[in-house]
Amino acid sequence: MTVQLSVNVNKVALVRNTRHLGIPSVTRAAELCLQAGANGITVHPRPDQRHIRPQDVDELAELMRRWPRAEFNIEGNPTQNLLDFIRRVHPHQATFVPDSEDQFTSDHGWSFPPDAQRLQPLIAECRQLGVRVSLFMDPAPQQMAAARAVGADRVELYTEPYAAAWGTPDQAVQLQRYAAAAQAALDAGLGVNAGHDLNLDNLPAFVRAVPGLAEVSIGHAFIADALEQGYAATTRAYLRCLLDNS
Ligand SMILES: CC(=O)[C@@H](O)[C@H](O)COP(=O)(O)O
Ligand SMILES: NCC(=O)COP(=O)(O)O
């Protein structure tokens, strides 16, 4: 199975928000990526609305209805504003991320057992709505059974530590760490997603080393590439990278 590409369009919204002109369009960016073959769209509507705003979520949900083979993934902290969006638009997937409201960017996953009690009912609600739940996790094999026990369908491996090690002597050690975490997730009955600071340089080795990878969500580097190559060519480049290495 080829690893699926979900394009995170947060950074299109970030640029859009620096003027009151509505450009660059978030929905246009998503549509061009979908037309080029992207398997899904991801957004992280943070409480401070630094980039993705509630209207973006609603407009993207409308767009995704015209792309039934593509998935809509909404990220956020379910103890903050995420569930409002999930209840309103019923995306294919909700990715729970333990970010604080003023966090610079996502930089860690959930921790078990401390987070289990408050996550379990929130996961159950999403699943009752027919929404798949993925938990943003550090690559810790010993945490995966607990993630499954609270009802998660998938985990998303937080990949910044791998991205930071790419091209250094630590790269191989990091890949072994992520491969072990992914295998533990699979053994626990979880699907495996991954994301954060992935790009065209570090993606091939990651995809080849990590077993059972279902989806990568990529935003910052993807949009940086798209500023140079355009959305369609960039989408095709990431899809080709995944196809060649899956
Ligand atoms: C969860 C994750 O690693 C990213 O999707 C993160 O949501 C990016 O957020 P920013 O785009 O605000 O840095
Ligand atoms: N879940 C990761 C994501 O959606 C995008 O992360 P990044 O590529 O912007 O670091």
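What counts and how
Here, residues in each chain are numbered from 1, in the same order as that chain's written sequence. Going through the entries in the order they are written, you letter the chains from A and number the ligands from 1. Local features in this predicted model are restricted to residues whose pLDDT is 70 or higher, and side-chain atom pairs enter the listing and the counts only when it is 80 or higher, whereas totals over whole chains, interfaces and linings include all residues. Values reported for side chains reflect all heavy atoms of the structure, with hydrogen atoms and water molecules removed beforehand. Throughout, the term near means that a residue has one or more heavy atoms lying within 4 Å of the molecule or strand in question. Pairing of N or O atoms within 3.5 Å defines a polar contact, subject to two protein rules: one partner must be a possible hydrogen donor and the other a possible acceptor, and residues neighboring in sequence count only if both atoms are side-chain atoms. Each accessible area is a Shrake-Rupley estimate made with a 1.4 Å probe; only the visible protein chains count as cover when residues are assessed. For this classification, Asp, Glu, Lys and Arg are treated as charged, while Ala, Val, Leu, Ile, Met, Phe, Trp, Tyr, Cys and Pro are nonpolar and the rest, including Gly, are polar. We count a stretch as a helix when DSSP gives it H or I for four or more residues in a row; a strand needs E for two or more, and each element gets its number in order from the N terminus. Think of it in three bands: with a 1.4 Å probe and only protein chains considered, a residue is buried below 20% of the maximum accessible area for its type, exposed above 50%, and partly exposed in between. Two residues form a contact once any of their heavy atoms are found within 4.5 Å. Aromatic rings from Phe, Tyr and Trp, with only the six-membered ring used for Trp, were paired whenever their centres fell within 6.5 Å, and each pair was classed as stacked if the ring planes differed by under 30 degrees, edge-to-face if by over 60, and tilted otherwise. By nonpolar core we mean a set of buried residues, namely Ala, Val, Leu, Ile, Met, Phe, Trp, Tyr and Cys, connected to one another through side-chain atoms within 4.5 Å.

Trainee: What's the story with the site of ligand 2 in this structure? I'm lost.
Mentor: As a structural note, the neighbourhood of ligand 2 is formed by Asn8, Thr42, Glu75, Glu156, Gly195, His196, Asp197, Ser217, Ile218, Gly219 and His220. In the environment of ligand 2, a nitrogen atom lies 2.5 Å from a nitrogen or oxygen atom belonging to the side chain of Glu75. Here an oxygen atom of ligand 2 and a backbone polar atom of Gly219 are 2.8 Å apart. When isolated, ligand 2 has an accessible area of 310 Å², and the protein chains bury 93% of it. Counted by class, the shell around ligand 2 contains 1 nonpolar, 7 polar and 3 charged residues.

Trainee: Explain the side chain of His196 here, please?
Mentor: Looking at where His196 falls in the secondary structure, it is placed in the loop between strand 7 (191-195) and helix 9 (203-209). A relative accessible area of 19% places His196 in the buried class. Excluding residues that lie within four positions of it along the chain, His196 makes contacts with Thr105, Ser106, Tyr158, Thr159, Glu160, Ala163 and Ser217.

Trainee: How do you make sense of the site of ligand 1 when you look at a structure like this?
Mentor: Near ligand 1 you find Asn8, Asn10, Lys11, His44, Arg46, His51, Glu75, Val97, Thr105, Ser106, Phe136 and His196, and these make up its full shell. Note that an oxygen atom of ligand 1 is positioned 2.4 Å from one of the side-chain N or O atoms of His44. Note that an oxygen atom of ligand 1 is positioned 2.6 Å from one of the side-chain N or O atoms of His196. Starting from 360 Å² of accessible surface for ligand 1 in isolation, the protein chains cover 90%. Among the residues forming the shell around ligand 1, the class breakdown is 2 nonpolar, 7 polar and 3 charged.

Trainee: What is the right way to look at the packing of aromatic side chains in this model?
Mentor: Where two aromatic rings form a pair, the distance of their centres and the angle of their planes describe that pair. Under the counting rule described, the total for this entry stands at 5 aromatic pairs. Where Phe136 meets Tyr158, the ring centres are 5.3 Å apart and the plane angle is 55 degrees; that geometry is what we call tilted. A residue pair is termed long-range when its members are at least 10 positions apart, and Phe136 in strand 5 (residues 132-137) and Tyr158 in strand 6 (residues 154-158) qualify at 22 residues. Taking the relative accessible area as the measure of exposure, Tyr158 reaches 5% and is therefore buried. By the ring-pair criterion, three or more aromatic residues cluster together here, those being Tyr162, Tyr178 and Phe206.

Trainee: Could you clarify how one ought to interpret the nonpolar core in this entry?
Mentor: Among soluble globular proteins, nonpolar side chains are generally buried collectively. One finds Phe96, Leu135 and Val216 to be the most contacted residues of the largest nonpolar core, which totals 72 residues. For this core, the element with the most residues is helix 8 (residues 171-187), which contributes 6 residues. Apart from the residues within four sequence positions on either side, Leu135 is in contact with Phe96, Trp110, Phe112, Leu119, Ile123, Ala147, Val150, Ala152, Arg154, Val155 and Glu156.

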